Amino acid sequence: MITMQAVGVVYPDGTRALRGVDLHVERGEFAFIVGASGSGKSTLAQLVYRELVATEGRVIVAGQDVAQLPARRVPFLRRKVGVIFQDFRLLPDRTVFENVGFALDVVGAPRAEKFRKVPISLELVGLGDRGDSFPHQLSGGEQQRVCIARALVNSPPILVADEPTGNLDPDTSWDIVQLLAQIADSGTTVIMATHDKHIVDQLRRRVVHLVQGTIVRDAKQGGSYDGT
Amino acid sequence: MAPRAVEMVLAQAWTGLRRHSLVTLGAVCNIAVSLTIVGGFFLLAANLEHMASGLAREAVITIELAEGVKHDELERQLYADTRVKDTRYVSKEEALKEYAKAVNLPYKDLAGAINNPLPDVIRVTVTNPEDLAAVANWAGRLEGVAKVRYRRDVAEKLLRVATGVRTMGLLLGGLMAVAALLLVSTTIQMGVHSRRREIRIMQLVGATNSFVRAPFLVEGATEGLLGGLLAMVMVVGGYSYLQARIEASLTFVDLLRGLDFLALVGAGIAVMGVGLGLAGSLIGTRRYLRLV
Ligand SMILES: Nc1ncnc2c1ncn2[C@@H]1O[C@H](COP(=O)(O)OP(=O)(O)OP(=O)(O)O)[C@@H](O)[C@H]1O
Ligand SMILES: [Mg+2]
């Protein structure tokens, strides 16, 4: 579902963020991207939703070589890749229902589709009864769940999460990660950048470890944060 | 675009117009003023040209007689020339009467108020307008002729004035239009800025650039259309009013008229307004939106 071959990224100011990255993530797989601050986790994530284009190597997302994707096709790739962030990025003046529905609105989906899909998505993240709330009326964990619902409402085959638990307490973080793992088990490819050792060690899934932009370890199953 | 997308775009444009309503109003007024200037100068120039062409078509030479000269002999001489079709003597009293009628004043008042400054004249009609200059030249050298006037030199002067008016209108209006353009693009940039969070999310969930941009284009075009309509009302209304007033008092002035003509001018102004608005929002969104 995601393939990177000899990928390198050098930012315009000359900073090298990734070097020689080879990575293949299967459909329905769950992969942690771990590493110290500045090791290139966000850079790698941005390659997947084509916020960035690799300066070296090839990146293939959902069968598409993103470097060959013309700019006007990028929005259509984005519809296949749900994204969530540490800062939730919800619209404060819209209800939970409208925030999730926004992802359908802006791709021109009919109203009926919105009223059908948004409740399903909210149900999936366990917020079936909070559709009429506003973001400020929710806890951090609930806000992140709304973001996940918004990322999933278009049924994308891939979900990219960049430190989704960065602003949450350990218990809530664990709930969110379990939700993401469950989403992966139902067939969505999930990659999650994090430096939360605790949840990585607890979940025991694939772990890709970056040090200064290079993959130093790729534990396919039952991985831990530091390889122990 | 799907109907739902059109609905979304229009709703966003409407919110945008209201969000910075004062700046929007400023932009609308600016467009209105610049287009009123362009339209006003255009109408002035067009009328001057119209009058000039009317004058140029009349093949009449006016010969002013020197003080005390009898007209019979001169008229006979002129009539003898084959290029001359007709001659008519107009005394200074008759000329003043004609003038009084043209400016719509009672002759008695006029004659009493001023010491008649008009000369006795002979009006010579030439068969072929091409011969105007030649006949005028020849007539100017005849005995007893003080001065020769014919309409073509007046027409040429009018045309020069019209060109000046047109250029000035374009310069002034163009300058104002640039200001209007900048103001529209500023209102659009403000809109983009206050919606930047929303736009960022739209781009992340896969909205196309045209979908992100469309509400701003609609917003700019609406500002332009409103400004254009205001200018249209001012130019067409003002012109119709002035036309009625001028033609009632100065009957010799022949102005461009007709619904077709005014409708064309009005439509032109409205179209220019929309164009200005669209151009402004293209500039405004280009500079601010990071279009991936
Ligand atoms: N836009 C940019 N321009 C230049 N350099 C950048 C840019 N973004 C990131 N970098 C640099 O690239 C390297 C990798 O950054 P990245 O954000 O991918 O790290 P990270 O692993 O996500 O870190 P963190 O855990 O702090 O989020 C860092 O050295 C960073 O300074
Ligand atoms: Mg990061």
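Scroll up a little and you will see the structure.
This write-up is about the structure you can find in this document. Quick caveat: nothing in here was measured; it's all calculated off a predicted structure. (Residues numbered from 1 in each chain as written. Chains lettered and ligands numbered in written order. Predicted model: local features only at pLDDT ≥ 70, side-chain atom pairs only at ≥ 80, totals over all residues. Heavy atoms only, no water.)

**Overview of the site of ligand 1**
All names here are of chain A. Our working definition: Only a single heavy atom is needed: when it lies within 4 Å of a molecule or strand, its residue is near that molecule or strand. What qualifies as a polar contact is a pair of N or O atoms within 3.5 Å, subject to a donor-acceptor requirement within protein and to the restriction that residues adjacent in sequence count only when both atoms come from side chains. Helix and strand definitions here come from DSSP, where helices need a minimum of 4 consecutive H or I residues and strands a minimum of 2 consecutive E residues; each element is numbered from the N-terminal end. Note on residue classes: Ala, Val, Leu, Ile, Met, Phe, Trp, Tyr, Cys and Pro are nonpolar, Asp, Glu, Lys and Arg are charged, and everything else, Gly too, is polar.
Neighbouring ligand 1 are 14 residues; Ser37, Gly38, Lys41, Ser42 and Thr43 lie closest to it. Residue serine 42 places a side-chain N or O atom 2.7 Å away from an oxygen atom belonging to ligand 1. Contact between ligand 1 and threonine 43: an oxygen atom at 2.5 Å from a side-chain N or O atom of the residue. With 3 residues, helix H1 (residues 41-48) is the single largest residue contributor to the shell around ligand 1. Residue composition of the shell around ligand 1, by class: 3 nonpolar, 8 polar and 3 charged.

**Remarks on the pattern of salt bridges**
Our working rule: Salt bridge, as used here: a side-chain nitrogen of Lys or Arg that lies within 4 Å of a carboxyl oxygen of Asp or Glu. Any residue under 20% of the maximum accessible area for its type is buried, any over 50% is exposed, and the rest in between are partly exposed; the area is computed with a 1.4 Å probe on protein chains only.
All chains considered together, the criterion is met by 23 salt bridges over all chains. Its salt-bridge partner being Arg200(B), residue Glu51(A) comes within 2.9 Å of it at the nearest N-O pair. Remark: Arg200(B) occurs in helix H8 (residues 196-204) and Glu51(A) occurs in the loop between H1 and strand S4 (56-61); the pair is interchain, linking two chains. Given a relative accessible area of 16%, Glu51(A) falls into the buried group. Judged by its relative accessible area of 24%, Arg200(B) falls in the partly exposed class. Taken together, the salt bridges that share partners define one network made up of Glu29(A), Arg206(A), Asp218(A) and Lys220(A).

**A few points about empty space enclosed by the protein**
The line we're drawing: Method remark: on a 1 Å grid restricted to protein atoms, a set of points is classed as a cavity if a 1.4 Å probe fits but cannot get out and as a pocket if it is open with protein on both sides within 12 Å along at least five of seven lines; lining residues have an atom within 4 Å of a point. Grid points are joined across faces, edges and corners, and a volume is the space filled by probe spheres set on the points.
Within this structure, the stated rule accounts for 3 cavities of 30 Å³ or more. In this structure, the largest cavity occupies an estimated 150 Å³ of space. What lines the largest cavity is a set of 15 residues, and nearest its centre among them are Gly82(A), Val83(A), Ala151(A), Leu204(B) and Val205(B). Contributions of two or more residues to the lining of the largest cavity are made by strand S6 (81-85) and helix H5 (140-152) of chain A together with H8 of chain B. Tallying contributions element by element places S6(A) first for the lining of the largest cavity, with 4 residues. Partitioned by chemical class, the residues of the lining of the largest cavity number 9 nonpolar, 2 polar and 4 charged.

**Let's talk about the layout of surface pockets**
Space inside the second largest pocket adds up to approximately 410 Å³. Lining the second largest pocket are 19 residues, and of these Asp93(A), Arg94(A), Gln12(B), Thr15(B) and Glu198(B) lie nearest its centre. Contributions of two or more residues to the lining of the second largest pocket are made by helix H3 (96-105) and helix H4 (111-124) of chain A together with helix H1 (3-19) and H8 of chain B. No other element matches H1(B), which puts 7 residues into the lining of the second largest pocket.

**A closer look at helix H6 (residues 132-140) of chain B**
Note that an α-helix has 3.6 residues per turn; residues three or four places apart therefore point the same way. Rule in force here: This arc describes the spread of directions from the helix axis toward the C-beta atoms.
Every buried residue belonging to H6(B) is among Leu132(B), Val135(B), Ala136(B) and Ala139(B), and all of these are buried. Looking straight down H6(B), one finds that the buried residues subtend no more than 100° of arc, so they occupy a single side.

**A look at the interface of chain B and chain A**
Stated precisely, the cut-off is as follows: Two residues form a contact once any of their heavy atoms are found within 4.5 Å. Buried area counts how much accessible surface, traced with a 1.4 Å probe, disappears from two parts once they are put together, with both parts' losses summed.
On the side of chain A, 25 residues touch chain B, which itself brings 19 residues to the contact. When the buried surface of chain B facing chain A is broken down by residue, Arg4(B), Leu204(B) and Val205(B) rank first, second and third, together holding 32% of it. On the surface where chain B and chain A come into contact, there are 3 salt bridges. For the interface between chain B and chain A, the tally reads 6 residue pairs in polar contact (both at pLDDT 80 or more).

**Things to note about the pairing of strand S3 (residues 30-35) of chain A**
All names here are of chain A. To keep things clear, this is the line we draw: Here, a strand pair is defined by DSSP locating no fewer than two bridges between the strands.
Of all the 6 residues making up S3, 6 are buried; the element is thus mostly covered by neighbouring parts of the structure. Direction of pairing for S3 relative to strand S9 (residues 206-211): parallel, over a ladder of 5 bridges. Opposite glycine 35, over in S9, you have leucine 210 as the bridge partner.

**Concerning the packing of aromatic side chains**
Residue and element names in this part refer to chain A. The line we're drawing: Between 30 and 60 degrees the pair is tilted, below 30 it is stacked and above 60 it is edge-to-face, where a pair is any two Phe, Tyr or Trp rings, Trp via its six-membered ring, whose centres lie within 6.5 Å. Geometrically, a lysine NZ or arginine CZ counts as sitting over a ring once it is within 6 Å of the ring centre and also within 35 degrees of the ring normal.
Taken as a whole and assessed by the stated rule, the structure comprises 4 aromatic pairs over all chains. Centre to centre, the rings of phenylalanine 30 and phenylalanine 32 are 5.0 Å apart; their planes meet at 75°, and the pair counts as edge-to-face. Note on accessibility: phenylalanine 30 and phenylalanine 32 belong to one class, buried. Seen from their ring centres, tyrosine 49 and phenylalanine 85 are 6.1 Å apart, and the 85° between their planes marks the pair as edge-to-face. One end of the pair, tyrosine 49, is in the loop between H1 and S4; the other, phenylalanine 85, is in strand S6, and 36 residues separate them in sequence. Side by side, tyrosine 49 and phenylalanine 85 carry an identical accessibility label, which is buried. Positioned over the ring face of phenylalanine 85 is arginine 89, at 3.8 Å from the centre of the ring.

**Considerations on the sheet that holds strand S7 (residues 158-162) of chain A**
Residues and elements named next belong to chain A. Counted only if it meets this: Between N-to-C directions, angles cover 0 to 180 degrees, with each direction set by a line fitted to C-alpha atoms, over the stretch in contact for helices.
In spatial order, the strands read S6-S7-S8-S3-S9-S10; together these 6 strands make up an open sheet with mixed pairing. A strand with exactly one partner marks an edge of an open sheet, and here the two such strands are S6 and strand S10 (214-219). Between one strand and the next, the sheet's axes are offset by a mean angle of 15°, whatever the strand orientation. One ladder, built from 5 bridges, connects S3 with strand S8 (residues 189-194); its direction is parallel. Each residue of the ladder has a partner; that of phenylalanine 32, found in S8, is methionine 192.

**Here's the deal with the sheet that holds strand S3 (residues 121-126) of chain B**
Residue and element names in this part refer to chain B. Reading across from one edge, S2-S3-S1-S4 is the order of the 4 strands in this open sheet, with antiparallel pairing throughout. Each edge of the sheet is formed by a strand with only one pairing partner; in this case those strands are strand S2 (84-90) and strand S4 (145-150). Going across the sheet, the axis of each strand differs from the next one's by a mean of 20°, ignoring polarity. Where strand S1 (residues 60-65) lies against S4, 5 bridges are found, and the strand directions are antiparallel.

**So, the packing of H1(B) against helix H9 (residues 209-249) of chain B**
Residues and elements named next belong to chain B. Rules: Roughly parallel here means an angle under 35 degrees, roughly antiparallel means over 145, roughly perpendicular means 65 to 115, and every remaining angle is called oblique. Crossing chirality is assigned from the near helix's rotation relative to the far helix, an anticlockwise turn below a right angle marking it left-handed and a clockwise turn marking it right-handed.
At a closest axis distance of 8 Å, the pairing of H1 and H9 adopts a crossing angle of 55°. When the axis of H1 is compared with that of H9, the two are oblique. The handedness of the crossing between H1 and H9 comes out as right-handed. Facing H1, whose interface residues are Ala5, Met8, Val9, Leu10, Gln12, Ala13, Gly16 and Leu17, H9 presents Phe211, Ala214, Pro215, Val218, Glu219, Thr222 and Glu223. Its residues placed into classes, the contact of H1 with H9 shows 10 nonpolar, 3 polar and 2 charged.

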